[in-house]
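Take a look at the letters that make up each chain.
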Amino acid sequence: DTGVSQDPRHKITKRGQNVTFRCDPISEHNRLYWYRQTLGQGPEFLTYFQNEAQLEKSRLLSDRFSAERPKGSFSTLEIQRTEQGDSAMYLCASSLVASRAETQYFGPGTRLLVL
Amino acid sequence: TQLLEQSPQFLSIQEGENLTVYCNSSSVFSSLQWYRQEPGEGPVLLVTVVTGGEVKKLKRLTFQFGDARKDSSLHITAAQPGDTGLYLCAGYTGKLIFGQGTTLQVKP
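All of the points below concern the structure found in this document. What you see is a predicted model; the values in this text were computed from it and never measured.

1. Here's the deal with the overall build of chain A
Right, on to step 1. Across its full length, chain A carries 0 helices and 11 strands.
Right, on to step 2. The linear arrangement of helices and strands in chain A, starting from the amino end, is β-β-β-β-β-β-β-β-β-β-β.
Right, on to step 3. Against the globule reference of 13 Å for 115 residues, chain A gives a C-alpha radius of gyration of 13 Å, in line with a compact fold.
Right, on to step 4. Principal-axis analysis of the C-alpha atoms places the extent of chain A at approximately 40 × 25 × 25 Å.
Right, on to step 5. Within chain A, the proportion of its 115 residues that are buried is 47%.
Right, on to step 6. The contacts of chain A with a sequence gap of at least 6 include a subset with a gap of at least 24, amounting to 54%.
Right, on to step 7. Of the roughly 5,900 Å² of accessible surface on chain A, a fraction of 46% belongs to carbon and sulfur atoms.
Right, on to step 8. Between the centroid of the 15 positive side chains of chain A and the centroid of its 13 negative side chains there is a distance of 5 Å.

In structure tokens form, the structure reads like this:
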């Protein structure tokens, strides 16, 4: 298995445009997470799925953001009407559910720049 | 709101020096993880600590989980330029809560 992959790795867009990112998790993992990270800061949780169900969404996730995981495998994160403040690294991670600990494996991220 | 405070936020040292990074919270976590992240890449897991008071060693890196499971530390002995990166602690309570990270620069 090649790990978590994300596409594209980089995206430059103009303010007001819509963008969509894709994440392919490790195949046997049932949980998938989306995070946002700005330069020099830790990742901030956005949302997560267990199989195809979206179980939690952060208050950071405005109504311009939507995430899907239609078949419990890959996931997409769409940002509508992008704003300059959306510029960040968007990270995806996947894991197997555990009890006291959960090892999340991160993808390389998609770096978004909104002009 | 659960918060993890990391200190220091930035550290620049010479090769061969020792350093300690701290991760503190008022919340109890069932486990705590340390990640290392290089520019333009995703975080890579270094270690998971689960038991209060637990100490784990990974070559020159020593990780400790506080007795009350609210804090942790990462100690690096004889730092090398290859240790340069962003070090992140993350507490687990059903989902991961990340600290703001410590940027380490090791100069040759």
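2. A word on the environment of R60 of chain B
Residues and elements named next belong to chain B.
Right, on to step 1. With respect to the helices and strands, R60 occurs in the loop between β6 (55-58) and β7 (61-65).
Right, on to step 2. For the pair formed by R60 and I76, sequence separation is 16 residues and the distance between their alpha carbons is 5.7 Å.
Right, on to step 3. Beyond its immediate sequence surroundings of up to four residues, R60 is in contact with H75, I76, T77, A78, A79, Q80 and D83.
Right, on to step 4. For R60, the side chain forms a polar contact with the main-chain oxygen of A78, separated by 3.2 Å.

3. Side note on the pattern of salt bridges
Right, on to step 1. One pass over the structure, following the stated rule, counts 7 salt bridges over all chains.
Right, on to step 2. For E41 of chain B, the salt bridge is made with R9 of chain A, and the minimal N-O distance between the two is 3.6 Å. Highlighted residues: E41 of chain B in the loop between β4 (31-37) and β5 (44-49) and R9 of chain A in the loop between β1 (5-7) and β2 (10-13), drawn from two different chains.
Right, on to step 3. The exposure class assigned to E41 of chain B is partly exposed, which follows from its relative accessible area of 38%.
Right, on to step 4. One network of salt bridges, with partners in common, ties together R64, E83 and D86 of chain A.

4. Quick look at the sheet that holds strand β8 (residues 71-76) of chain B
Residues and elements named next belong to chain B.
Right, on to step 1. Taken in spatial order, the 5 strands of this open sheet run β1-β3-β8-β7-β6, and their pairing is antiparallel. At either end of the open sheet lies a strand with only one pairing partner, and these are β1 (5-7) and β6. Direction aside, neighbouring strands of the sheet carry axes that sit 15° apart on average.
Right, on to step 2. Sheet topology note: the β7/β8 ladder contains 5 bridges and is antiparallel. The residue of β8 that forms the bridge with Q64 is S73.

5. Comments concerning a nonpolar patch on the surface
Right, on to step 1. Judged by side-chain polarity, I12, L113 and L115 of chain A come together as a nonpolar surface patch covering roughly 300 Å² of accessible area.
Right, on to step 2. Mapped onto the secondary structure, L115 of chain A falls in the segment after β11 (110-114).

6. Some thoughts on the sheet that holds strand β8 (residues 75-79) of chain A
Residue and element names in this part refer to chain A.
Right, on to step 1. Ordered in space as β1-β3-β8-β7, the 4 strands form an open sheet in which the pairing is antiparallel. Each edge of the open sheet is held by one strand with a lone partner, namely β1 and β7 (65-68). Pairs of neighbouring strands in the sheet enclose a mean axial angle of 15°, with direction left out of account.
Right, on to step 2. Bridging between strand β3 (residues 19-24) and β8 involves 5 bridges; their strand directions are antiparallel. Note that in β8 the partner of C23 across the bridge is S75.

7. Here we look at the state of the cysteines
What makes a disulfide is a covalent bond joining the sulfur atoms belonging to two cysteines.
Right, on to step 1. For the structure shown, the criterion picks out 2 disulfides over all chains.
Right, on to step 2. Here C23 of chain A engages in a disulfide with C92 of chain A; their sulfurs sit 1.8 Å apart. Because the sign of the S-S torsion sets the handedness, a value of about -65° for the bond joining C23 of chain A and C92 of chain A places this disulfide among the left-handed ones. Of this pair, C23 of chain A sits in strand β3 while C92 of chain A is found in strand β9 (residues 88-95), placing the two residues 69 residues apart along the sequence. Considered together, C23 of chain A and C92 of chain A belong to a single accessibility category, that of buried residues.
Right, on to step 3. Between the sulfur atoms of C23 of chain B and its disulfide mate C89 of chain B the distance is 2.0 Å. An S-S torsion of about 75° defines the bridge between C23 of chain B and C89 of chain B as right-handed. Separated by 66 residues along the polypeptide, C23 of chain B in strand β3 (residues 19-24) and C89 of chain B in strand β9 (residues 85-92) bring together distant segments of the chain. For the pair formed by C23 of chain B and C89 of chain B, the shared burial category is buried.

Thresholds applied
Along each chain, residue indices are assigned from 1 in the same order as the chain's sequence is written. As a convention, the first chain written is A and the first ligand written is 1, with the rest following in written order. Under the rules for a predicted model, residues below a pLDDT of 70 receive no local features and side-chain atom pairs below 80 are neither given nor counted, while totals for whole chains, interfaces and linings still include all residues. As a rule here, side-chain values come from all non-hydrogen atoms in the structure, and water together with hydrogens is ignored. Only runs of H or I of at least four residues qualify as helices and only runs of E of at least two qualify as strands under DSSP, and these elements are numbered from the N terminus. The quantity called the radius of gyration is restricted to C-alpha atoms. Its globule counterpart is 2.2 Å times the number of residues to the power 0.38. For every residue, the accessible area obtained with a 1.4 Å probe (protein chains only) is divided by the maximum for its type, and the residue is called buried under 20%, exposed over 50%, and partly exposed between those limits. Working rule for contacts: check all heavy atoms of both residues, and any pair within 4.5 Å makes them a contact. Only the protein chains shown count as cover for residues, and all accessible areas are computed by the Shrake-Rupley method using a 1.4 Å probe. Neither His nor the chain ends contribute to the count of charged residues, in which Lys and Arg are positive and Asp and Glu negative. Charge coordinates come from a single atom per side chain, which is NZ of Lys, CZ of Arg, CG of Asp or CD of Glu. In protein, a polar contact requires one atom able to donate a hydrogen and another able to accept it; more generally it is a pair of N or O atoms within 3.5 Å, and residues adjacent in sequence count only if both atoms are side-chain atoms. A pair is scored as a salt bridge if a Lys or Arg side-chain nitrogen falls within 4 Å of a carboxyl oxygen belonging to Asp or Glu. Strands qualify as paired when DSSP identifies two bridges or more between them. With axes taken as lines fitted to C-alpha atoms, and helix axes fitted only over the stretch in contact, angles between N-to-C directions fall between 0 and 180 degrees. Each patch groups residues whose relative accessible area exceeds 30% and which form no salt bridge, using 9 Å between like charges and 5 Å between nonpolar side chains of Val, Leu, Ile, Met, Phe, Trp and Tyr. The disulfide definition used here is simple: a pair of cysteine sulfur atoms within 2.5 Å.

Scope: geometric values only; no functional claims are made or implied.
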